[in-house]
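Survey of secondary and tertiary structure
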Amino acid sequence: MGNVAGIRDLRDKIENINALPTIPSVLKRLLEVIESPRVSLNEISNFISNDPALTTKILKMVNSPVYGFPGRISSVNQAVILLGLNVVKGLLLGVSVFELMQKTMIGLWEHSLGCAIIARLIAEKKGLKEPEEASVDGLLHDIGKVLLILRFPDKYEKAMCDTDANGISIYEAERVHYGTTHASVGSWMAQKWRFPQKLVDVIEHHHKPHLSKSAPVESAIVHLSDILVRARGFGFAGDHALMAVSPKSWQMLGLSEADLRDVLWAFEESLEMTEDLAL
Amino acid sequence: MPKITPDKLRPGMKLLRPVTNKGGMVLLGEGTELTAALIEKIRDMGADSIFIQGTSPPSTPKEEALSGLDRRFKSVEEKPYMDVIKKALREHIKDLYG
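Residues numbered from 1 in each chain as written. Chains lettered and ligands numbered in written order. Predicted model: local features only at pLDDT ≥ 70, side-chain atom pairs only at ≥ 80, totals over all residues. Heavy atoms only, no water.

The domain architecture assigned to chain B consists of domain 1 (3-51) and domain 2 (62-96). The C-alpha centroid of domain 2 of chain B is placed 29 Å from the C-alpha centroid of domain 1 of chain B. (Domains from an automatic or database assignment.)

Once that is clear, we can look at the packing of aromatic side chains. Residues and elements named next belong to chain A. Tallying each qualifying case throughout the model produces five aromatic pairs over all chains. Consider the rings of Y156 and Y178, whose centres lie 6.2 Å apart with planes at 35°: the pair is tilted. Highlighted residues: Y156 in helix α10 (residues 153-166) and Y178 in helix α11 (residues 170-178), separated in sequence by 22 residues. Judged by relative accessible area, which is 0%, Y156 ranks as buried. Judged by relative accessible area, which is 0%, Y178 ranks as buried. Put simply, the rings of F152, Y156 and Y178 pair up and form one aromatic cluster. Here the basic side chain of R151 rests over the ring of F152, its NZ or CZ set 5.3 Å away from the ring centre. Over the face of the ring belonging to F152 we find K155, whose NZ or CZ atom lies 5.8 Å from the ring centre. (Phe/Tyr/Trp six-rings, centres within 6.5 Å; stacked < 30°, edge-to-face > 60°. Helix = DSSP H or I, 4+ residues; strand = E, 2+ residues; numbered from the N terminus. Buried < 20%, exposed > 50% of the residue type's maximum accessible area, 1.4 Å probe, protein only. Lys NZ or Arg CZ within 6 Å of the ring centre and 35° of its normal.)

Interface extent is often summarised as the accessible area lost during association of the parts. At the junction of the two partners, chain A supplies 22 residues and chain B supplies 22 residues. Three residues, A:L242, A:E257 and A:W265, lead the burial of chain A against chain B; their summed loss comes to 30% of the area buried on that side. Applying the counting criterion to the chain A and chain B interface returns three salt bridges. Salt-bridge contacts for A:E257 lead to B:K87; the nearest nitrogen and oxygen are separated by 3.0 Å. (Contact = heavy atoms within 4.5 Å. Buried area = accessible area lost by both parts, 1.4 Å probe. Salt bridge = Lys/Arg side-chain N within 4 Å of Asp/Glu carboxyl O.)

Residue and element names in this part refer to chain A. Direction vectors running N to C along α10 and α11 enclose 135°, while the axes themselves pass 9 Å from each other. Judged on the interaxial angle alone, α11 and α10 are oblique. Once α10 is placed against α11, the crossing between them reads as right-handed. Residues K155, Y156, K158, A159, M160, D162 and T163 of α10 lie in contact with α11, whose contacting residues are I170, A173, E174, H177 and Y178. When the residues that make up the contact of α10 with α11 are grouped by side-chain class, the tally is six nonpolar, two polar and four charged. (Axes fitted to C-alpha atoms, helices over the stretch in contact; angles between N-to-C directions. Parallel < 35°, antiparallel > 145°, perpendicular 65-115°, else oblique. Left-handed = near helix turned anticlockwise from the far one by under 90°. Nonpolar A, V, L, I, M, F, W, Y, C, P; charged D, E, K, R; others polar.)

Residues and elements named next belong to chain A. The end-to-end C-alpha distance of α10 is 20 Å, a good match for the 20 Å that 14 residues give at a rise of 1.5 Å each. Y156, A159, M160 and T163 are the residues of α10 that are buried. Buried residues of α10, seen end-on, are gathered within an arc of 100° and therefore sit on one face of the element. Along α10, exposed side chains directed more than 90 degrees from the buried face belong to D154, E157, K158, C161, A165 and N166. Positive phi appears at G167, one or two residues downstream of α10, with a value of about 60°. (Expected span 1.5 Å × (residues − 1). Arc of directions from axis to C-beta.)

Evaluation of the coordinates by the stated rule reveals 18 salt bridges over all chains. Taking the shortest distance from any N to any O, the salt bridge between A:R11 and A:E15 comes out at 3.1 Å. In this pair, A:R11 and A:E15 are both assigned in helix α1 (residues 4-15), four residues apart and thus about one turn of the helix distant. Between A:D239 and A:R230 there is a salt bridge; the shortest N-O distance is 2.7 Å. A relative accessible area of 7% means that A:D239 is categorised as buried. Within this structure, B:D70, B:E77, B:K86 and B:R90 form a network of salt bridges that share partners.

A word on α11(A). Residues and elements named next belong to chain A. For α11, the set of buried residues is I170, Y171, A173, E174, H177 and Y178. For α11, the arc enclosing every buried residue in end-on projection is 160°, short of the 170-degree limit, so these residues lie on one face. Packed against the buried residues of α11 are α1, α9 (143-151), α10 and α12 (182-192). Immediately beyond the C-terminal end of α11, within one or two residues, lies G179, with a positive phi of roughly 80°.

What follows covers the packing of α9(A) against α12(A). All names here are of chain A. In contact at an axis separation of 7 Å, α9 and α12 are set at 90° when each is read in the N-to-C sense. Classified by the angle between their axes, α9 and α12 sit roughly perpendicular to one another. Between α9 and α12, the contacting residues are I143, G144, K145, L147 and L148 on the first element and H182, V185, G186 and M189 on the second. Class assignment of the residues belonging to the contact of α9 with α12 gives a composition of five nonpolar, three polar and one charged.

A surface patch of nonpolar side chains, about 270 Å² in accessible area, is lined by B:M25, B:L27 and B:M45. With respect to the helices and strands, the residue B:M25 is situated in the loop between β2 (19-20) and β3 (26-28). (Patch = residues over 30% accessible without salt bridge, like charges linked within 9 Å, V, L, I, M, F, W, Y side chains within 5 Å. Areas by Shrake-Rupley, 256 points an atom, 1.4 Å probe, with all protein chains shown as cover.)

Glancing now at the nonpolar core. Of all hydrophobic cores here, the largest spans 107 residues; its most connected members are A:L30, A:M61, A:Y67, A:L93, A:W193, A:L224 and B:I85. Among the elements that take part in this core, helix α7 (residues 108-125) of chain A stands out by supplying 11 residues, more than any other. What A:L93 contacts, discounting residues up to four positions off in sequence, is A:L30, A:L31, A:I34, A:L140, A:I143, A:W193 and A:F195. Membership of the second largest hydrophobic core comes to 11 residues, among which are B:L9, B:L15, B:L28 and B:I50. (Core = buried A, V, L, I, M, F, W, Y, C linked by side-chain atoms within 4.5 Å.)

Encoded structure:
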């Protein structure tokens, strides 16, 4: 693959992932809700409230240190109002989709959760106005991996085997096997699911944040969070290869060693409180 | 974790490391048992974190955690700024063990 027609065909297959018989019906309904062009806060909140298991998961997440409201949110309605439509949409997708992954890529949920926490902490340190949005960026940055695994499980397993055998990253192995990467695949779907352009951009550029046009700071934050979570040895994201930080993005964030240690420490404290967030 | 923020201090806890002022002068020695009054003083000092005895360090041995870090950085440590990131992680992992 790798030619234009091949990529278009792949994109079609990914975009119609909802038609796969292996997708649970709850998730199918959820994807339909997320995708609908004029979905309202009410619809999202009703969808969650009608499913007790989902409600519990969402409330656990919004009250965890992943977001900035520890223990203060008691209802789905309140969560939706405090966090906003896009953050709740992202959260809903995150907790529902990663559940399907537990067998194929053990540790991707932990990796994503770790990135969500660190991204929020860096965003707070940098004084960003909406640090919760950074957590959603972190939570969903690797969603493309989930999509590739769901659609082409055998091929993805081969790509994962290649990483250790050939000493390459999963990003490079995906390029060999699919002609594209989880970053692009994730951004296609984020677009289809009508997430904000900034989130689409972060997903597309989290390996090359200096190329991001609409969200350079957010992309840099998720890029660095990805590196820190892996460097800390937390979770698993498909390979054992640490990527080098983009010098431009690093300079843009302007964090010192002491800043990193602050962030890492706050991360450990958050982790202690997130133990029961296992899916 | 042995290191906690001042708001989590409780009377009866014992210091794993001395509490020092900004100049490095020891204010409370290692092993000091904290009282409500001492905790209040520590909080007033604006200290970031305090090392406390008896809290459990991570289950992986420290040496193993540090060699894992070296292994992960092996192919990228020559790249720009990765030395700063690695140093922060190394110090951070050491802190986890008190």
